[in-house]
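Structural overview for review
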Amino acid sequence: MPAPMPIPQDAQKHSLLEDVQGFSIALITTAIGLTIIAQLGFITGQTAGLALVISYLTGYSFSWVFWLINIPFYALAWFRMGKEFTIKSAICVTILSILVAVIPDWMTFSHLDPLFGTIAFGILTGYGLLGTFRHKGSLGGLGVVALYAQDRFGIRAGVVQLCFDAVLFTVAFFLFEPSRVLYSLLGAVILNGVIAFNHRRDRYIAD
């Protein structure tokens, strides 16, 4: 796969205000998507999917599991992606963990169709992840590895995440009901499709 195009030399950095509003929208969007998938009792891919699996199997809070398993990835982020990226990612992970814990108290569903909920999750979370990438951050974990692979080897972030998801969902088939995993797989495919089709550095102007 060809390496990503370089960012234009006249690219402008986002201001602090632009970063705050961009991350705010991305994190709220992602948190709503994760709330939907958790309400359905499904899983997803990437680090959040791993955290959901652990949460379902152990009964521990998803928010705490998600926050804790991201910690080791900050070392890679610091040395490979830089100080700014690492700090932004750590802040995003922390805020997302808090939002996922409190949103169920603010928003409930009397009826949530599994198919629609899965599709909505994939779209909302996919664009939420794009928002964090766009402002030089991530939601930690595999996102850090995927972005590094894209910048270093030219492999699209969505492709890296999809490979990890294939392993995760294979394991999930042995742990959960097949229909539950198939719905979850659809959401993950939509999410990764959104990222694969839209996360192109050569189409971005600001960095």
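What you see is a predicted model; the values in this text were computed from it and never measured.

1. Here we look at helix α4 (residues 73–81)
Within α4, the full set of buried residues consists of Y74, A77 and M81. Viewed along the axis of α4, the buried residues span an arc of 75 degrees, placing them on a single side of the element. Within α4, the exposed residues directed more than 90 degrees away from the buried face are F79 and R80. In the stretch just after α4, G82 is the one whose phi turns positive, near 105 degrees.

2. Quick notes on the environment of G41
Tracing the sequence through the fold places G41 in the loop between α1 (16–40) and α2 (46–58). Look at G41 and you get buried, because its relative accessible area is 16%. In this structure, the C-alpha to C-alpha distance between G41 and V181, residues 140 residues apart in sequence, is 9.9 Å. Setting aside chain neighbours within four positions, we find G41 in contact with Y56 and R180.

3. Some thoughts on the confidence of the model for the protein
Mean pLDDT over the protein works out to 83, with 89% of the residues at or above the 70 mark. Taking the mean pLDDT of every element in the protein, the minimum, 76, falls on helix α7 (residues 142–153) and the maximum, 93, on helix α3 (residues 62–70). Scored below 50 in pLDDT, residues 1–11 makes 17 contacts in the model with residues more than four places away or belonging to other chains.

4. Focus: the packing of aromatic side chains
Across all of its chains, the model carries 4 aromatic pairs by this definition. A centroid spacing of 5.3 Å and a plane angle of 10 degrees characterise the contact between F42 and Y183, whose relative ring orientation is stacked. Pair noted here: F42 is in the loop between α1 and α2 and Y183 is in helix α9 (residues 178–198), with a separation of 141 residues, a long-range link. Judged by centre distance (6.1 Å) and plane angle (85 degrees), the rings of W64 and W67 are edge-to-face. Taken together, the positions of W64 and W67, both in helix α3 and 3 residues apart, correspond to about one turn of that helix. Classification of W64 as exposed rests on a relative accessible area of 57%. Its relative accessible area of 29% is what places W67 among the partly exposed residues.

5. Here we look at the pattern of salt bridges
Per the stated rule, a full pass over the model turns up 2 salt bridges. For K88, the salt bridge is made with D19, and the minimal N-O distance between the two is 3.0 Å. Taken as a pair, K88 in helix α5 (residues 83–106) and D19 in helix α1 lie far apart in primary sequence, 69 residues in all. Accessibility classification places K88 together with D19 in one group, the buried group. Salt-bridge contacts for K88 lead to E84; the nearest nitrogen and oxygen are separated by 2.7 Å. With K88 and E84 both in helix α5 and 4 residues apart, this pair spans about one turn of that helix. One continuous salt-bridge network, built from bridges that share partners, spans D19, E84 and K88.

Basis of the calculations
- Residues numbered from 1 in each chain as written.
- Predicted model: local features only at pLDDT ≥ 70, side-chain atom pairs only at ≥ 80, totals over all residues.
- Heavy atoms only, no water.
- Buried < 20%, exposed > 50% of the residue type's maximum accessible area, 1.4 Å probe, protein only.
- Helix = DSSP H or I, 4+ residues; strand = E, 2+ residues; numbered from the N terminus.
- Arc of directions from axis to C-beta.
- Contact = heavy atoms within 4.5 Å.
- pLDDT = per-residue confidence, 0-100.
- Phe/Tyr/Trp six-rings, centres within 6.5 Å; stacked < 30°, edge-to-face > 60°.
- Salt bridge = Lys/Arg side-chain N within 4 Å of Asp/Glu carboxyl O.

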